[in-house]
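# Observations on the model geometry
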There are 2 protein chains.
Amino acid sequence: MKNLLVAQSGGPSAAINATLCGVIEKGLSDKNIDKVYGAQNGIMGILAERIIELNSLLSDPQSLQLLCQTPSSALGSCRMKLSPWEESAFEFEKIISVFRKYHIGYFIYIGGNDSMDTVQKLATYCRLHNINDICIMGAPKTIDNDLMETDHCPGFGSAAKYIATTFSEIACDCNVYALPAVTIVEVMGRDAGWLTASSVLGRINGGAAPDLIYVCEKPFSVDRFLEDVRDKLAEKHAVIVAVSEGIKNENGEYITECLQNRTTDAFGHKILAGAARFLEEVVRQEIGCKVRSVELNLMQRCASHVASAADIYESRLLGMAAADYAITGETGKMAVIKRISTKPYRFEIGFVEIEKIANKVKTIPLDWINQEGNDVTQEMIEYLFPLIQGELPCTYENGVPVHFRIPTAK
Amino acid sequence: MKNLLVAQSGGPSAAINATLCGVIEKGLSDKNIDKVYGAQNGIMGILAERIIELNSLLSDPQSLQLLCQTPSSALGSCRMKLSPWEESAFEFEKIISVFRKYHIGYFIYIGGNDSMDTVQKLATYCRLHNINDICIMGAPKTIDNDLMETDHCPGFGSAAKYIATTFSEIACDCNVYALPAVTIVEVMGRDAGWLTASSVLGRINGGAAPDLIYVCEKPFSVDRFLEDVRDKLAEKHAVIVAVSEGIKNENGEYITECLQNRTTDAFGHKILAGAARFLEEVVRQEIGCKVRSVELNLMQRCASHVASAADIYESRLLGMAAADYAITGETGKMAVIKRISTKPYRFEIGFVEIEKIANKVKTIPLDWINQEGNDVTQEMIEYLFPLIQGELPCTYENGVPVHFRIPTAK
């Protein structure tokens, strides 16, 4: 019997622990697996041999349920990329030696496109060195929803549900005064605008926000933005704007950089800030009405109390599937979600060669953005809709959600 | 039979509509009341005669339940203060004429300390002009929790629950990397630190945040702050700080002003920003580790999907009580919560002369802040604890909470 090792990598999300849960459940229930180990802080934890046994920690259903409602990576994370093995063979040798020491036959790495680079390099190293008894599989994770080959990514649906909920609440908040006011809300995403696009679901129950949506896939023009805001202010007093942190001008420069020269505050200071803060200052100077900026910041990736049931369910399934594929001998692949139909929503789990995924970014199809570049289309709404469906019971104690903590390895 | 008029004023909260709901329920059920009217945008809506009948709009339990889970002021709000009546008698005459036109015998104004100024002035005007058939009562509302004479304020408990929940989630988020990092979270409150103090409940289930809490009642020293952060970094890698937007130095100047000279970014630009953003830059320059700032911004006052059941219940009761007192002839008073005991938590509703409340601010007792000025005491925790207890079922449709919308008056 072999053991299974799991680790988490990259930025936190509300669903990455559900995928961990799926891996553990498969490991606990499969007759081919003896022990399930977790490496702390991703690949760094393997190199440093910070390995803990998870069987005993997480064998009861209550702990697994709490793990699923715990945001961020319970095993810790890292942002480390392995160098090509020709340059740092010692790292690969160390990893394999740790695998040997713990009798690891299966390694599941949960993460985004950088983490899939690690899966690719490790699988390639094993193949080139005739290490055929260790299978390495990736399980996707990223709120950014920018992994290739999978319909969508675990963590994205919960972040999208938080964003839609928050826009619907902010719409109520901003509509109370009978004065012209602009609220600019910055959403995460430097290279892909999926999260910003999901703000459109804030309107789904008739909510008034967002009025304008700017994703980073189309060049952003400050003049057109000002025109859009003026047009909206002519229709209504409270205008709410969703904007990707990564909006860029026609030359591909981040708007926050190219605006440095344009935007100075009342005292002539230049302002160092994000996209929304910049646009706040632009509106203040060029339109002159009440204006404020809001960053959804860490909350959009860790608000597990309002997680999407669909997302948590699929994330868990992907974890199970990644472990299952590894156990059946697959290596150098990532588990993916394939959408079979949108109405009704149906999907299946599959797997794809890691080369097609590692280090690549999936952006929004340009025809899912409207002609004017200030909103998204019906196709986008239909794509997003199933991903935020369903609410989960969240266990509270003392008025605050309960989270599961894995003790730190020595 | 007389009619009852209700209006909302001041900043939004997750509970102000529960108080509105309580007023309406009392109005619908009391045999002395014919119609319940709402004025839109507070006292401004009375002056502009933007009055709508609420009986038909809100007579079914489902609508009232949706109203209670709708953040912000469903009737709209305003920030208008009446001038002394000697200077603007026409405004008072206009208000009374609108009251007469709609046969208003009872006016309930839901709001904070500025709104209670309106209650005081209107009640005084009526008394001085022998208008004895109109009773004017205040119902408290403010997430800031800074109204005198009431143990706490409707809206505060829900904001505190959001803050505690968010700190517990941010703690999970920030603890994933094995690197020293400081996260500074700015909480609302320019004059009173109650909301910032409520972050302490993020630790109640064993959570790791916040590590340091700075409220605006004690002078803030940047040097002591840096020392505190360095001390914490010596113990743990992820340090999370809660800070009031209104922290001031020993001379009573907002830290954001007095720091303008000290904090310049890498390019020598001065930075225009809030307290957390300033302190972020200070940590970056003086300590040099990874640092980020987060503003809880609008979300802390409108996140009704995670409202406190205790808060919504009490807010509704206060609305009922304010209407009840008005109907029994009380005027120029505000309904208040009196805490009878903390363990077990028991309270009763009473009312207090408006003069004791209007334009005053209740700050944190200094002995509820620790000696070092970087945390709160056990008394504070015990005071806060009952206010965030309980979760409410929230009605979602299409994956997003449903909100109630009152149509706009012509």
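Residues numbered from 1 in each chain as written. Chains lettered and ligands numbered in written order. Predicted model: local features only at pLDDT ≥ 70, side-chain atom pairs only at ≥ 80, totals over all residues. Heavy atoms only, no water.

## What about the UniProt feature "site: Important for catalytic activity" (unreviewed entry) in chain A?
- Mapped onto the present numbering, the UniProt feature "site: Important for catalytic activity" (unreviewed entry) falls at Lys141(A).
- At a separation of 2.8 Å, a polar atom in the side chain of Lys141(A) contacts the main-chain carbonyl oxygen of Gly11(A). (UniProt positions renumbered as here; feature names shortened; annotations may be inferred. Polar contact = N/O pair within 3.5 Å; in protein donor to acceptor, adjacent residues only side chain to side chain.)

## Quick notes on helix H1 (residues 16-29) of chain A
Residue and element names in this part refer to chain A.
- Taking 1.5 Å of rise per residue, the 14 residues of H1 would be expected to cover 20 Å, and the 20 Å separating its terminal C-alpha atoms lies within 8% of that figure.
- Here H1 has its buried residues at Ile-16, Asn-17, Ala-18, Thr-19, Leu-20, Cys-21, Gly-22, Val-23, Ile-24, Lys-26 and Gly-27.
- Where the residues of H1 are buried, they touch strand S1 (2-8), strand S2 (33-39), helix H3 (61-68), strand S4 (104-111), strand S5 (135-140) and helix H12 (309-327). (Helix = DSSP H or I, 4+ residues; strand = E, 2+ residues; numbered from the N terminus. Expected span 1.5 Å × (residues − 1). Buried < 20%, exposed > 50% of the residue type's maximum accessible area, 1.4 Å probe, protein only. Contact = heavy atoms within 4.5 Å.)

## What about the side chain of Thr165(B)?
- Within the secondary structure, Thr165(B) sits in helix H6 (residues 156-174).
- Beyond its immediate chain neighbours, meaning those up to four positions away, Thr165(B) contacts His305(A), Tyr396(A), Gly399(A), Val400(A), Pro401(A) and Val306(B).

## Let's talk about the state of the cysteines
- A complete count under the given rule lists zero disulfides over all chains for this structure.
- Unpaired in terms of disulfides, Cys302(A) finds its nearest cysteine sulfur in Cys174(B), a separation of 7.6 Å.
- Counting only cysteine sulfurs, Cys174(B) is the nearest neighbor of Cys289(B), a cysteine outside any disulfide, at a range of 12 Å. (Disulfide = S-S within 2.5 Å.)

## A look at the environment of Ala323(B)
Residue and element names in this part refer to chain B.
- Along the polypeptide, Ala-323 turns up in helix H12 (residues 309-327).
- Under the relative-accessibility criterion, Ala-323 is labelled buried at 0%.
- Each C-alpha atom, one on Ala-323 and one on Ile-24, is 8.5 Å from the other, the two residues being 299 residues apart in sequence.
- With near-sequence residues (within four places) excluded, Ala-323 lies in contact with Leu-4, Val-23, Lys-26 and Ile-108.

## Focus on the interface of chain B and chain A
- Listed by partner, the interface residues are 66 residues for chain B and 66 residues for chain A.
- Summing the contributions of chain B and of chain A, the shared interface buries around 5300 Å²; its carbon and sulfur component is 57%.
- With a closest N to O distance of 2.7 Å, Asp173(A) and Arg301(B) form a salt bridge.
- Between chain B and chain A we count 33 residue pairs in polar contact (both at pLDDT 80 or more) in total.
- Of all the secondary structure elements, the ones that give two or more residues to the side of chain B that touches chain A are H6, strand S9 (290-295), helix H11 (299-302), strand S12 (396-397) and strand S13 (400-401) of chain B.
- No other element matches H6(B), which puts 11 residues into the side of chain B that touches chain A.
- The residue inventory of the side of chain B that touches chain A, partitioned by class, reads 28 nonpolar, 25 polar and 13 charged. (Buried area = accessible area lost by both parts, 1.4 Å probe. Salt bridge = Lys/Arg side-chain N within 4 Å of Asp/Glu carboxyl O. Nonpolar A, V, L, I, M, F, W, Y, C, P; charged D, E, K, R; others polar.)

## Some points on helix H4 (residues 89-101) of chain B
Residues and elements named next belong to chain B.
- Relative to the 18 Å expected for 13 residues at 1.5 Å per residue, H4 spans 18 Å between its end C-alpha atoms, a close match to the ideal helical length.
- Regarding H4, the residues found buried are Glu-91, Phe-92, Ile-95, Ile-96, Val-98 and Phe-99. Down the axis, H4 shows its buried residues gathered within 155° of arc, on one side only. The exposed set on the far side of H4, more than 90 degrees from its buried face, consists of Phe-90 and Lys-101. (Arc of directions from axis to C-beta.)

## Remarks on the packing of H1(A) against H3(A)
Residues and elements named next belong to chain A.
- Close contact between H1 and H3 brings their axes to 7 Å; oriented N to C, the two are set at 150°. Between H1 and H3, the crossing angle belongs to the class labelled roughly antiparallel. Two secondary-structure elements touch here, H1 through Asn-17, Ala-18, Leu-20, Cys-21, Ile-24 and Glu-25 and H3 through Leu-64, Leu-67 and Cys-68.
- For the contact of H1 with H3, the residue count by class is seven nonpolar, one polar and one charged. (Axes fitted to C-alpha atoms, helices over the stretch in contact; angles between N-to-C directions. Parallel < 35°, antiparallel > 145°, perpendicular 65-115°, else oblique.)

## Quick word on the environment of Thr408(B)
Residues and elements named next belong to chain B.
- Along the polypeptide, Thr-408 turns up in the segment after S13.
- Classification of Thr-408 as exposed rests on a relative accessible area of 64%.
- The spacing of Thr-408 and Gln-40 is 368 residues in sequence and 7.8 Å in space, taken between C-alpha atoms.
- Apart from the residues within four sequence positions on either side, Thr-408 is in contact with Gln-40 and Arg-50.

## Topic: the sheet that holds strand S1 (residues 2-8) of chain B
Residue and element names in this part refer to chain B.
- Strand order in the open sheet made by the seven strands is S3-S2-S1-S4-S5-S10-S11, with mixed pairing throughout. Two strands lie at the open edges of the sheet, namely strand S3 (51-53) and strand S11 (346-353), each paired on one side alone. Between one strand axis and the next, the sheet turns by 30° as a mean value, whatever way the strands run.
- Strand direction decides the pairing type here: S1 and strand S4 (residues 104-111), joined by six bridges, are parallel. Considered in S4, the bridge of Leu-4 is made with Tyr-106.
- Most of the contacts of helix H5 (residues 113-128) go to strand S5 (residues 135-140), to which it runs at about 165°, and overall it touches S4, S5 and strand S10 (333-341). (Pairing = 2+ DSSP bridges.)

## With respect to the UniProt feature "site: Important for catalytic activity and substrate specificity" (unreviewed entry) in chain A
Residue and element names in this part refer to chain A.
- Residues annotated by UniProt as "site: Important for catalytic activity and substrate specificity" (unreviewed entry) correspond here to Asp-114.
- Tracing the chain through its elements places Asp-114 in helix H5 (residues 113-128).
- Ignoring anything within four residues of it in the chain, the contact list for Asp-114 reads Lys-81 and Asn-359.
- A polar contact is formed between the side chain of Asp-114 and the side chain of Lys-81, at a distance of 3.5 Å.

## Here's the deal with the pattern of salt bridges
- Following the criterion strictly, the structure yields 44 salt bridges over all chains and no others.
- With its nearest N and O atoms 3.5 Å apart, the salt bridge here joins Asp114(A) to Lys81(A). Of this pair, Asp114(A) sits in helix H5 while Lys81(A) is found in the loop between H3 and helix H4 (89-101), placing the two residues 33 residues apart along the sequence.
- Between Lys333(B) and Glu330(B) there is a salt bridge, with the nearest N and O atoms lying 2.8 Å from each other.
- Classification of Glu330(B) by relative accessible area gives partly exposed; the value is 22%.
- A cluster of three or more residues bridged by salt bridges with shared partners is formed by Arg277(A), Glu280(A), Glu281(A) and Arg284(A).

## Details of the sheet that holds strand S9 (residues 290-295) of chain A
Residue and element names in this part refer to chain A.
- Taking strand neighbours across the sheet as the criterion, the four strands line up as S7-S8-S6-S9 in an open arrangement whose pairing is parallel. The open sheet has two edge strands, strand S7 (212-214) and S9, and neither has a second partner. Across this sheet, the average inter-strand angle for adjacent strands is 15°, counted without regard to direction.
- Two elements, S7 and strand S8 (residues 238-244), share three bridges in a ladder whose sense is parallel. The residue bridging Tyr-214 from the neighbouring strand is Val-243, located in S8.
- Seen against the sheet, helix H6 (residues 156-174) touches strand S6 (181-187), S8 and S9 and runs at an angle of roughly 155° to S8.
- The strands touched by helix H8 (residues 222-235) within the sheet are S6, S7 and S8, with S7 carrying the most contacts at an inclination of about 165°.

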